[in-house]
Amino acid sequence: MKTKAYFMVKLETTGGDGHTDAVRELEAMPEVEAVEPVSGEYDLVVVAAVDAPIKIALLAKKIKVKDWVKNLQVLKLEPAAPNPFLDEVCSIPGGECINWCVQCGMCSASCPNVNKMDYSPRKIIALVRAGKRYDVLTSNSMWVCASCYLCTARCPKDVKITELMHTLERLALSHGLQNGGATAALYRAFVDSIKCNGRVHELGMMMKFFLKTNPLAALKILPVGLKLLSHGRMSIKPKKIKGTEQVKTMVKRAQALGGTK
Amino acid sequence: MKYYTYFPGCSSSEGTAVAYGLSTQAICSALGIELIELEDWNCCGSTPYGSTDELESVCIAARDLALAEKTGLDLVTPCSSCYTTLNRADSQLRQYPDLKSEVDDCLAAAGLEYKGSVRVRHLFEAIYNDIGLEYIESKVVNPLTGLRIAPYYGCQLVRPEPGFDNPNNPQSLDRLIVSLGAELVPFPLKDRCCGGSLIIPALDLALDLIHQLLESAASGGAQCIVTVCPLCQTNVDAYQDMVNRKFKTKYNLPILFFTQLIGLALGIEPRLLALDKNIISAERVLAPFTMAAEPKT
């Protein structure tokens, strides 16, 4: 059973570098979830989560021995509410970094498509951590991510936000909470093309996409298609690689293993 | 002579960016590069596969890595998406042992094995670092003096991993352009997104982004944009008309691959550089530079 603990910490010195260093050191501890300044007798409140209540004393000792700690008191303990959605996201390779987010909003400020999203990337992370599975997985946010990685490159805590968006796309589909609309339909046509030929045949993929979604919408981009065709930039026939069977064998084996989502 | 295993990627081999593949072949021998195409390569999976199934997508990319490992050479691709996707698969395999054992299992079912020793590189990076600007400059017979260019890096050359260039303000393509004798224009959106594959399912969203790019490049006084990514080229070139119609603008900016630009400066015949495949014709802008010139040997 996970337990949440709140420690009150009084520092030897307040303000300046000593203060900053102490906060950094605390934040670097894997159990620590948040460090916030407080006014009054103590300087900081430290929120930590541990696997078992017995580990609270160990953690308290670990903090107390630091030379910048003047006084430490355990304010309260409470069982951490179970959050299966957060656990699920964390169990997927790359998903664990969601715990490092400090909600600074750099990702939302960097995202070129944030104005098209139901929830900004920062909000998505907050919602996942609050366990709001339905709200997250029915939103459109991940489907308008263009994988430009600006958020990932700029994140001060190294959260892989683009990866998280792709993870949420897979979860939304596997939980059956939405079909992902046109973006997911294109992705399916793309993947089918690989499974069939080993490579992507752009013309075939686009025809399949428009047939499955809205054939009339194809008229809108028909002029583009014709221009590409007349400039020799669209091959009519798909090219099948010799290793298509190898690709199929691997996909079959991956499906038998159940896959990491 | 430098040798590499070559991974053209679907679009540059015979798709929408076929001009990228052709111009790559055209400049490589002039630069002392020998590209040996990876035999029977498959699509890297790109973003769509990664958004559909994690294990399958890493397996698909791992097949290419396994094939490339046998050659013992660095794997070079001109496509930014292939570059990011293959690198991502490689780093996922190194970081997550559980995922690796499952992928190994799938590879073994197909009679393959990947030990993890392949270095995946972008063609631009290989040319920039291994050949070097000094060498390229020494081969220039047709300096592109006075040509005003907006350097367009796109997303996936400099991100997500901090690699060979500054992810916040990349400079390498700027330097290449200068070394070919051309002029740089201010282009603050040089590492911004063109919409990528969302151009098909979310056309309006992508047109907004392309419009911003064109506005930024044109207001800096660019005569053309130079890019390192096949998808960026296709989106900004083939959809420029649509942007003009939607935003009532009159942009007419040719989008060149960096390989085409190098080729021009080295005096390689425009026909070999597949300049005729550009939808926004670059003929007018490049007229002063397309006279036949013999490349230095």
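As the structure is a prediction and not an experimental result, all values here were calculated from the model.

Rules of the game
Residues numbered from 1 in each chain as written. Chains lettered and ligands numbered in written order. Predicted model: local features only at pLDDT ≥ 70, side-chain atom pairs only at ≥ 80, totals over all residues. Helix = DSSP H or I, 4+ residues; strand = E, 2+ residues; numbered from the N terminus. Buried ≥ 20, exposed ≤ 12 C-beta atoms within 10 Å, placed from the backbone. Contact = placed C-beta atoms within 7 Å. Pairing = 2+ DSSP bridges. Axes fitted to C-alpha atoms, helices over the stretch in contact; angles between N-to-C directions. Domains from an automatic or database assignment. Nonpolar A, V, L, I, M, F, W, Y, C, P; charged D, E, K, R; others polar. Parallel < 35°, antiparallel > 145°, perpendicular 65-115°, else oblique. Left-handed = near helix turned anticlockwise from the far one by under 90°. Core = buried A, V, L, I, M, F, W, Y, C linked by C-beta atoms within 7 Å.

Let's talk about the overall build of chain B
- Along chain B, the regular secondary structure elements total 14 helices and eight strands.
- When the backbone C-alpha atoms are referred to their principal axes, chain B occupies close to 55 × 50 × 30 Å.
- Counting every position in chain B, which comprises 297 residues, the buried fraction comes to 61%.
- Excluding contacts between residues fewer than 6 apart, the proportion of contacts in chain B whose partners are at least 24 apart in sequence is 80%.

A few points about the interface of chain B and chain A
- Listed by partner, the interface residues are 54 residues for chain B and 55 residues for chain A.
- Of all the secondary-structure elements, those providing two or more residues to the side of chain B that touches chain A are α1 (10-14), α3 (46-50), α4 (54-71), α6 (97-109) and α10 (203-219) of chain B.

Focus on the sheet that holds strand β3 (residues 75-77) of chain B
All names here are of chain B.
- In spatial order, the strands read β2-β1-β3-β4; together these four strands make up an open sheet with parallel pairing. Each edge of the sheet is formed by a strand with only one pairing partner; in this case those strands are β2 (33-37) and β4 (120-122). In this sheet, neighbouring strand axes are inclined to one another by 45° on average, regardless of whether the strands run parallel or antiparallel.
- Here five bridges tie strand β1 (residues 2-6) to β2, and the two strands are oriented parallel to one another. Residue pairing for β2: Thr 5 is matched across the bridge by Ile 36.
- Set on the sheet, helix α5 (residues 80-95) makes contact with β3 and β4; between it and β4 the angle comes to about 160°.

So, the domain arrangement of chain B
All names here are of chain B.
- Entries for chain B in the domain assignment read domain 1 (2-123) and domain 2 (133-289).
- Look at where the C-alpha atoms of domain 1 and domain 2 centre, and you get two points 24 Å apart.
- Taken together, the elements giving at least two residues each to the side of domain 1 that touches domain 2 come down to α1, α2 (18-28), α3 and α5.
- No other element matches the eight residues that α2 contributes to the side of domain 1 that touches domain 2.
- For the side of domain 1 that touches domain 2, the residue count by class is twelve nonpolar, twelve polar and no charged.

Let's talk about unusual backbone geometry
Residue and element names in this part refer to chain B.
- With an omega of 5°, the peptide bond between Arg 159 and Pro 160 qualifies as cis.
- Along the chain, Pro 160 turns up in the loop between β5 (148-152) and α9 (172-179).
- With a phi close to 50°, Ser 46 is a non-glycine residue in the positive phi region.
- Tracing the chain through its elements places Ser 46 in helix α3.
- Here the phi dihedral of Lys 248 falls at roughly 50°; this positive angle occurs in a residue that is not glycine.

Overview of helix α11 (residues 230-238) of chain B
- Most of α11(B) sits inside the fold, with nine of its nine residues counted as buried.
- Among the residues of α11(B), those classed as buried are B:Pro230, B:Leu231, B:Cys232, B:Gln233, B:Thr234, B:Asn235, B:Val236, B:Asp237 and B:Ala238.

Examining the environment of B:Ile136
Residue and element names in this part refer to chain B.
- With respect to the helices, strands and loops of the structure, Ile 136 is situated in helix α8 (residues 133-139).
- Sequence separation between Ile 136 and Leu 176 is 40 residues, and the spatial gap between their C-alpha atoms is 8.6 Å.
- The contact partners of Ile 136, leaving out residues within four places of it in the chain, are Leu 31, Ile 131, Ser 179 and Ile 262.

Description of the domain arrangement of chain A
- Partitioning chain A into structural domains gives domain 1 (3-79), domain 2 (84-174) and domain 3 (184-256).
- Inter-centroid distance (C-alpha atoms) of domain 2 of chain A to domain 3 of chain A is 28 Å.

Quick look at the pairing of strand β2 (residues 32-37) of chain A
Residues and elements named next belong to chain A.
- In the sheet, β2 pairs with strand β3 (residues 44-50) via five bridges, with the strands oriented antiparallel. Note that in β3 the partner of Val 32 across the bridge is Ala 48.
- Two successive antiparallel strands, β2 and β3, enclose a turn made up of six residues, where Gly 40 displays a positive phi of approximately 115°.

Section: the packing of helix α12 (residues 244-256) of chain A against α4(B)
- Packing of α12(A) against α4(B) brings their axes to within 9 Å, and their N-to-C directions diverge by 150°. In terms of their interaxial angle, α12(A) and α4(B) are classed as roughly antiparallel. Pair α12(A) / α4(B) crosses with right-handed handedness. Touching A:Gln246, A:Val247, A:Met250, A:Val251 and A:Ala254 of α12(A) are B:Leu55, B:Glu56, B:Cys59, B:Ile60 and B:Arg63, all from α4(B).
- Of the residues assigned to the contact of α12(A) with α4(B), the class counts are seven nonpolar, one polar and two charged.

So, α2(B)
- With ten of its eleven residues buried, α2(B) lies for the most part within the structure.
- Tucked into the core, α2(B) has its buried residues touching α1, β2, α7 (123-131), α11, β8 (255-257) and α13 (258-265) of chain B.

Remarks on the sheet that holds strand β7 (residues 224-227) of chain B
All names here are of chain B.
- The strand order across the open sheet built from four strands is β6-β5-β7-β8, with neighbouring strands paired in parallel fashion. Every interior strand has two partners, whereas the edge strands, β6 (183-184) and β8, have only one.
- When β7 meets β8, the two strands line up parallel, connected through three bridges. Pairing of Val 226 across the sheet is with Leu 256, part of β8.

Concerning the nonpolar core
- Ranked by size, the top nonpolar core spans 161 residues in total, and within it B:Cys59, B:Ala62, B:Leu107, B:Ile210 and B:Val226 carry the most contacts.
- Broken down by element, this core gets its largest block of residues, ten residues, from α4(B).
- When sequence neighbours within four positions are dropped, the list of residues in contact with B:Val226 reads B:Ile149, B:Pro151, B:Tyr152, B:Leu173, B:Ile177, B:Leu256, B:Phe258 and B:Leu261.
- Core analysis: the next-biggest nonpolar cluster, separate from the first, contains nine residues, A:Val9, A:Leu26, A:Leu44 and A:Val46 among them.

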